[in-house]
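# A structural walkthrough
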Amino acid sequence: MPTTDYERMLRDVALRVTRPRLAVLSAVYAHPHADTDSIIGAVRDELGGVSHQAVYDVLRALTEAGLLRRIEPQGSVARYEARVGDNHHHVVCRSCGVIADVDCAVGHAPCLTASDDHGFQIDEAEVIYWGLCPGCRIPTSS
């Protein structure tokens, strides 16, 4: 995605355009479901010396502004993705930890109909499917 698109995204949510914010957006778009250390590495590759705290602050600001989504599957560190604004879910490999997006049910989204909503107005559900990715499955003998 061109830098001008990232600049527009930041301006659209009333965030100042800075080099660290542009670099973090670029890193997350290039590496969906990246953990913080991977994002820090990508930002440092692009900008040179950037502190951990600066990247953490940018990730928090971009997440609060709705430009990024933070996910934290059980047993995993926080990860970030740029796919926001829809009710998608994730599938996680129990062996290697790879994560992939899974669209919500087509048509009516049953995951948004709780058996008891306790008076909440539900607008999002987080579902995580667990299993083994194709690379980690052990082929069965026939």
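Data block above holds the structure.
Scope of this entry: the structure provided in the associated data block. Along each chain, residues carry numbers from 1 onward, in the same order as the chain's sequence is written. With pLDDT at 70 or above as the cut-off, local features in this predicted model cover only qualifying residues; side-chain atom pairs require 80 or more to be listed or tallied, and sums for whole chains, interfaces and linings still use all residues. The side-chain values count all of the structure's non-hydrogen atoms but skip hydrogen atoms and water molecules.

### Overview of the packing of helix α1 (residues 3-12) against helix α2 (residues 19-30)
Packing of α1 against α2 leaves a shortest axis separation of 10 Å and a crossing angle of 110 degrees. Of the possible angle classes, the one that applies to α1 and α2 is roughly perpendicular. Between α1 and α2 lies a crossing of right-handed hand. Across the interface between the two elements, Thr-3, Tyr-6, Glu-7, Met-9 and Leu-10 from α1 touch Arg-21, Leu-22, Leu-25, Ser-26 and Tyr-29 from α2. Orientation is described by lines fitted to C-alpha atoms, with helices fitted over the stretch in contact, and by angles between N-to-C directions that extend from 0 to 180 degrees. Only DSSP runs of H or I reaching four residues or more are called helices, and only runs of E reaching two or more are called strands; each is numbered from the N terminus. Angular relationships are summarised with four words: roughly parallel below 35 degrees, roughly antiparallel beyond 145, roughly perpendicular across 65 to 115, and oblique for the angles in between. Crossing chirality is assigned from the near helix's rotation relative to the far helix, an anticlockwise turn below a right angle marking it left-handed and a clockwise turn marking it right-handed. By definition, residues are in contact when any of their heavy atoms lie within 4.5 Å.

### Quick word on the side chain of Thr-36
Along the chain, Thr-36 falls in helix α3 (residues 36-47). The exposure class assigned to Thr-36 is buried, which follows from its relative accessible area of 9%. Between buried and exposed lies partly exposed: a residue is buried under 20% and exposed over 50% of the maximum accessible area for its type, with that area taken using a 1.4 Å probe on protein chains only.

### Thoughts on the pattern of salt bridges
Salt-bridge detection follows one rule: a side-chain nitrogen of Lys or Arg within 4 Å of a carboxyl oxygen of Asp or Glu. By the definition in use, this model includes nine salt bridges. Here Glu-7 makes a salt bridge to Arg-11, at a shortest N to O gap of 4.0 Å. With Glu-7 and Arg-11 both in helix α1 and four residues apart, this pair spans about one turn of that helix. Taken together, the shared-partner salt bridges in this structure form one network comprising Arg-83, Asp-86, Asp-101 and Asp-103.

### What about the sheet that holds strand β4 (residues 89-93)?
Following DSSP output, two strands are said to pair if at least two bridges run between them. Taken together, the three strands give an open sheet; going across it, the order is β5-β4-β6, and neighbouring strands pair in mixed fashion. Strands at the two margins of the open sheet, each flanked by one partner only, are β5 (99-102) and β6 (128-131). With direction set aside, neighbouring strand axes in the sheet form an average angle of 25 degrees.

### Looking at the side chain of His-88
Turning to its location among the elements, His-88 is positioned in the loop between β3 (79-81) and β4. Under the rule applied, a polar contact is a pair of N or O atoms within 3.5 Å (in protein, one hydrogen donor and one hydrogen acceptor; residues adjacent in sequence only if both atoms are side-chain atoms). Polar side-chain contacts of His-88 include one of 3.4 Å to the side chain of Asp-101. Other than its neighbours up to four places away in sequence, His-88 contacts Arg-69, Glu-81, Arg-83, Asp-101, Val-102, Asp-103 and Cys-104.

### Observations regarding unusual backbone geometry
The phi torsion of most residues other than glycine is negative, and most of the peptide bonds are trans. At His-33, a residue that is not glycine, the phi angle is positive and equals roughly 70 degrees. Position of His-33 among the secondary structure elements: in the loop between α2 and β1 (34-35). In the Ramachandran plot, His-118 falls in the positive-phi region, its phi being about 50 degrees despite a non-glycine side chain. Along the chain, the position of His-118 falls in the loop between β5 and β6.

### Here's the deal with the state of the cysteines
The disulfide definition used here is simple: a pair of cysteine sulfur atoms within 2.5 Å. Tallied over the full model, the rule gives zero disulfides. The thiol of Cys-96 is unpaired, and the distance to the nearest cysteine sulfur, on Cys-136, comes to 3.7 Å. On the accessibility criterion, Cys-96 (47% relative accessible area) is partly exposed. Here Cys-136 is not cross-linked by a disulfide; its sulfur's nearest cysteine counterpart is in Cys-133, at 3.6 Å. When its relative accessible area of 23% is taken as the criterion, Cys-136 is described as partly exposed.

### What to know about the sheet that holds β3
Here we have three strands laid out as an open sheet, ordered β1-β3-β2, and antiparallel in their pairing. Strand pairing shows two members of the sheet lacking a second neighbour, β1 and β2 (69-71), which therefore form its edges. Bridge analysis of β1 against β3 gives two bridges, and the strand direction is antiparallel. Residue Ala-34 lies in a different strand from β3, and its bridge partner there is Tyr-80.

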